[in-house]
Amino acid sequence: MKTAIATVSIAGDLAEKLGAIAAAGFDGVEIFENDFLAFDRSPKEVGQLVRDHGLEICLFQPFRDFEGMPEPQRSRTFERAKRKFELMREMGADLLLICSSVSPIALGGIDRAAADLNELGDLAATFDIRIGYEALAWGRFVNDHRDAWEIVRRADHAHVGLILDSFHTLSRKTDPDTIRAIPGDKIFFVQLADAPAFNMDLLYWSRHFRNMPGEGDLDVTGFMRAVAATGYDGVLSLEIFNDQFRGGSPKSIAVDGYRSLLYLMDQVRRTEPGIRIPVPDMPDRVPVGGIEFVEFAADRREARDLTAMLATLGFKRSARHVSKEVELWRQGGINIVINTDPRGFAHASYLSHGTNVCDIGLKVADAAATVARAESLGAKTFEQPVGPGELKIPAIRALGGSVLHFIDGSKDLSRVWETEFTYLNDDTATRAAGLTRIDHIAETMNYDEMLTWLLFYRSIFDTDKTAMVDVIDPAGLVRSQAIENADGTLRITLNGAENRKTLAGHFIQEGFGSGVQHIAFETADIFETVKALKANGFKPLAISPNYYDDLDARFGLEEDFLNALKSAGILYDRDETGEYFQLYSPTYGEGFFFEIVERRGGYKGYGAANAQFRIAAQKRHFRAKGMPVR
Ligand SMILES: O=C(O)c1ccc(O)c(O)c1
Ligand SMILES: [Mg+2]
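Calculation criteria
- Counting starts from 1 at the beginning of each chain's written sequence and moves along it residue by residue.
- Just so you know, chain letters begin at A and ligand numbers begin at 1, following the order they were written in.
- At least 70 in pLDDT is required for a residue's local features to be given in this predicted model, at least 80 for side-chain atom pairs to be given and counted, and no such filter applies to totals for whole chains, interfaces and linings, which use all residues.
- To obtain the side-chain values, all non-hydrogen atoms of the structure were included, while hydrogens and water were left out.
- UniProt positions are given in the numbering used here, feature names are shortened, and annotations may be inferred rather than shown by experiment.
- Criterion used throughout: strands pair if DSSP finds at least two bridges between them.
- Helical segments are the DSSP runs of H or I of at least four residues, strand segments are the runs of E of at least two, and each set is numbered from the N terminus.
- Fitted lines through C-alpha atoms serve as axes, helices being fitted only where they are in contact, and the angles separating the N-to-C directions of these axes extend from 0 to 180 degrees.
- Throughout, a residue-residue contact means that at least one pair of heavy atoms, one from each residue, lies within 4.5 Å.
- Each metal's donors are the N, O and S atoms found within 2.8 Å of it, except that Na, K and Ca use a 3.2 Å limit; water is left out, so coordination can look incomplete.
- Each label reflects the angles at the metal, where four donors whose angles all fall between 85 and 135 degrees are tetrahedral, four or six donors whose opposite pairs open beyond 155 degrees and whose other angles stay between 65 and 115 are square planar or octahedral respectively, and the rest are irregular.
- Like charges are joined within 9 Å and nonpolar side chains (Val, Leu, Ile, Met, Phe, Trp, Tyr) within 5 Å, but only among residues with over 30% relative accessible area and no salt bridge; these make up the patches.
- Surface accessibility follows the Shrake-Rupley procedure with a 1.4 Å probe radius. Residue values consider only the protein chains on display as shielding.
- We define a salt bridge as a contact between a side-chain nitrogen of Lys or Arg and a carboxyl oxygen of Asp or Glu at a distance within 4 Å.
- Charged residues are defined here as Lys and Arg on the positive side and Asp and Glu on the negative side; His and the ends of the chain fall outside this count.
- One atom stands in for each charge, and that atom is NZ of Lys, CZ of Arg, CG of Asp or CD of Glu.
- With a 1.4 Å probe rolled over the protein chains alone, any residue whose accessible area is under 20% of its type maximum counts as buried; one over 50% counts as exposed, and the rest are partly exposed.
- The aromatic pairing rule takes the rings of Phe, Tyr and Trp, using the six-membered ring of Trp, and pairs them if the centres are within 6.5 Å, calling planes under 30 degrees apart stacked, those over 60 edge-to-face and the rest tilted.
- Nearness of a residue to a molecule or strand requires only that one of the residue's heavy atoms be within 4 Å of it.
- Throughout this description, a polar contact denotes any pair of N or O atoms lying within 3.5 Å of each other; where both atoms belong to protein, one of them has to be capable of donating a hydrogen while the other can accept it, and for residues adjacent in sequence the pair is counted only when both atoms sit in side chains.
- Points on a 1 Å grid, built from protein atoms alone, make a cavity when a 1.4 Å probe fits but cannot get out and make a pocket when they are open with protein on both sides within 12 Å along at least 5 of 7 lines; residues with an atom within 4 Å of a point are the lining residues.
- Grid points are joined across faces, edges and corners, and a volume is the space filled by probe spheres set on the points.
- In this count, Pro and Cys sit with the nonpolar residues alongside Ala, Val, Leu, Ile, Met, Phe, Trp and Tyr, while Asp, Glu, Lys and Arg are called charged and the others, Gly among them, polar.

Where an unreviewed UniProt entry is consulted, the protein appears under the name 3-dehydroshikimate dehydratase, with the organism given as Roseibium sediminicola. Quoted verbatim from the Catalytic activity (unreviewed entry) field of the UniProt record, the comment on the protein reads "3-dehydroshikimate = 3,4-dihydroxybenzoate + H2O". The Pathway (unreviewed entry) comment attached to the protein in UniProt states, word for word, "Aromatic compound metabolism; 3,4-dihydroxybenzoate biosynthesis."

Now the structure itself:
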């Protein structure tokens, strides 16, 4: 598989872009003309710079407003093209992208465009250059790859071919299967981009919101399957115009891009038989069977506060590690590990972030295959020396320097608790509260990181994403999107903070990076849970009475029911599928908290409508503790 990316997709000057692109593993680049024009080295030097990075120039672009011009502009356009061919020869580029005209003076006409391309093909041939014609979704006369193909077909020239771009095809909802009728050898180049499903002007959408395949909502896999079915075996190139990426880290955007191409082609290989593009082999996306454990790194003092909160939530100190200062706190099927050992990874994590979730254990069918897939997609494996009595559990690096461990049903791993821990007699004075499992884990990050982690989870694990929702914090916006598996045994919400004044932004700033901000436990009966919590001395987050007035207005609730919600501080949501109940702990440290939820019926959401009121309540709680938030 030959991979490339357009220089426009990456931040920085041309030299920085090339460095990041080469380091991420791409074979080549599309040189976007403006990146070259803004750079102060000659075409020859730029060509050399590209090759010194071990890359090749796969495409030079764009050449605009070429076809269908009346004279005298037509002659000028050919002159302009000749100048670009000379530049390309200097640079060592042999394919030029011509995008369909948007010129108000262009005349239109399929045969006129074909004749222009044929003539330009002759000129290009004298330079040993080929030209590829691309239909822009907003092209004046040509805005559909089927018309572009008809023009190329009629141009009938060995140096003239078609360029396909998934965005232009999919943004107009053109059926990608129409590509299957195009001969693969006349497709000179394929550009790939995804985008979130927005209803907006095509040009604006394309120039600002494209993202990597798999990060958006377009059927890039369907598009690429159709391309592969034509027998095309040329370059697959990312062309991503995105405002965030322009200001992002060149390195991580390039790494995400490379991952997205591997993920895309892995999906294509699994669904489209007999493709000619060689794709690296890797295990399939990994089904996750649930969350085996969540591990906190802490020091002894902070661990006391944290375990005191766990005790009021009905957890029991259940076991102690055989060789390390690590405890297991349990309730129902939930395992919370508290690691205060002054050595190793957890301690390092504590030193850099304070008390935080440093590790999550996921249940998978095959831990080794999980790591193999993650590694194939560029994730980093994690290992540390195994202490006495410990198992070697496969793991990778994840959000904010944390770790994901994988536990499967194999003989050793399935007995990890029995092997590494000694069970204790229950010395916890509090009552169990009916918490059964982890409903979801909420990870907080900068908004700019959201697509990275979305792609990370979706490409490695058999998961889907929900629609992005806006959560209003009094000091700014936080975007939230969930990654879920089909049966709901894995739900991770990604929360992207746009500034530092939001509760989420404060958490990132004070915790020195992204991480788990809350864990939601499931109960089968929230009102029974509330009774136990009360007996344990648990103080829920106080919610404004105004909220309950509005709940009543919206849903017309029974008075007793409404009073029960209100007196317990439970937030409530309802839709066509079912009901959702949410109870929050006060915040801990710099804004970490626990949530308790009950789902009734088929409710699949996360109570997005309540998030604003929960955050406002948490900020009141913060301020009451004298913490500086707005
Ligand atoms: O936005 C544009 O003008 C533009 C230019 C070249 C391309 O290949 C493209 O897909 C879009
Ligand atoms: Mg394009």
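Past the structure itself, the notes keep going.
A. Seen up close, the sheet that holds strand E10 (residues 316-321). Pairing in this open sheet of 8 strands is mixed, and the strands run E14-E15-E13-E9-E12-E11-E10-E16 from one edge to the other. The open sheet terminates on both sides in strands that have one partner only, identified here as strand E14 (395-397) and strand E16 (421-423). For this sheet the average axis-to-axis angle between neighbouring strands, irrespective of direction, equals 25°. Looking at chain direction, strand E11 (residues 326-331) and strand E12 (residues 334-339) are connected through 6 bridges and run antiparallel. When the bridges of E12 are listed, arginine 330 appears paired with asparagine 335. Lying over the sheet, helix H12 (residues 300-312) contacts strand E9 (288-297), E11 and E12, oriented at roughly 165° with respect to E12.

B. Region of the structure containing the coordination of the magnesium ion (ligand 2). Listed as protein donors to the magnesium ion (ligand 2) are Glu134 (OE), Asp165 (OD), Gln191 (OE1) and Glu239 (OE); their distances from the metal cover 2.0 to 2.2 Å. Coordination geometry of the magnesium ion (ligand 2): the 6 donor atoms subtend angles of 76 to 175° at the metal centre, consistent with an arrangement described as octahedral. In the primary sequence, the donor residues of the magnesium ion (ligand 2) line up as E-x30-D-x25-Q-x47-E. Residue aspartate 165 is located in strand E6 (residues 160-165), and its partner glutamine 191 is located in strand E7 (residues 187-192); the two are separated by 26 residues in the primary sequence.

C. How the structure looks around unusual backbone geometry. The residue after glutamine 61, namely proline 62, is reached through a cis peptide bond having omega -10°. The omega torsion of the bond from glutamate 71 to proline 72 falls at 5°, within 30 degrees of zero and hence cis. Relative to the helices and strands, proline 72 is located in the loop between strand E3 (56-63) and helix H4 (73-91). One non-glycine residue, aspartate 128, adopts positive backbone phi at about 60°.

D. View of the UniProt feature "domain: VOC" (unreviewed entry) in the protein. UniProt records the feature "domain: VOC" (unreviewed entry) for residues 290-409 and 437-586 in the present numbering. Span residues 437-586 is 33% helix and 35% strand, its end C-alpha atoms 20 Å apart.

E. Representation of a negative patch on the surface. A cluster of acidic side chains, namely Asp549, Asp552, Glu558, Glu559 and Asp560, defines a negative patch on the protein surface. Within the residue set of the negative patch, elements represented by two or more residues are helix H19 (545-555) and helix H20 (559-568). Topologically, aspartate 549 is positioned in helix H19. Look at aspartate 549 and you get exposed, because its relative accessible area is 52%.

F. Molecular detail of the packing of aromatic side chains. One pass over the full model with this rule turns up 30 aromatic pairs. Their ring planes at 85° and their centres at 5.2 Å tell us that phenylalanine 198 and phenylalanine 209 sit as a pair that is edge-to-face. Here the residue phenylalanine 198 occupies a position in the loop between E7 and helix H8 (202-209), and phenylalanine 209 occupies one in helix H8, the gap between them amounting to 11 residues. On the basis of relative accessible area, phenylalanine 198 is assigned to the partly exposed category, the value being 36%. Overall, the relative accessible area of 26% leaves phenylalanine 209 in the partly exposed class.

G. The pattern of salt bridges, seen in detail. Per the stated rule, a full pass over the model turns up 42 salt bridges. Of the charged contacts in the structure, one is a salt bridge between glutamate 327 and arginine 317, with a shortest N-O distance of 2.9 Å. Remark: arginine 317 occurs in strand E10 and glutamate 327 occurs in strand E11; sequence separation between them is 10 residues. Overall, arginine 317 belongs to the partly exposed group, its relative accessible area being 22%. A network of salt bridges, in which partner residues are shared, links Asp266, Arg269, Arg270, Asp281, Asp284 and Arg373.

H. View of the site of ligand 1. Around ligand 1, a shell composed of 14 residues is seen, among which Arg64, Glu134, His168, Arg207 and Glu239 lie nearest. Within the contact set of ligand 1, an oxygen atom lies 3.2 Å away from a side-chain nitrogen or oxygen of glutamine 61. The contact in question runs from an oxygen atom of ligand 1 to an N or O atom on the side chain of arginine 207, over 2.6 Å. Taking 290 Å² as the accessible area of ligand 1 by itself, protein coverage stands at 100%.

I. Spatial organisation of the layout of surface pockets. For the largest pocket, the calculated volume is near 710 Å³. If you go around the largest pocket, you meet 35 residues; those closest to its centre are Lys324, Gln384, Glu390, Leu391 and His405. Sorting elements by how many residues they give to the lining of the largest pocket places helix H13 (residues 344-353) first, with 4 residues. Per-class residue counts for the lining of the largest pocket are 17 nonpolar, 9 polar and 9 charged.

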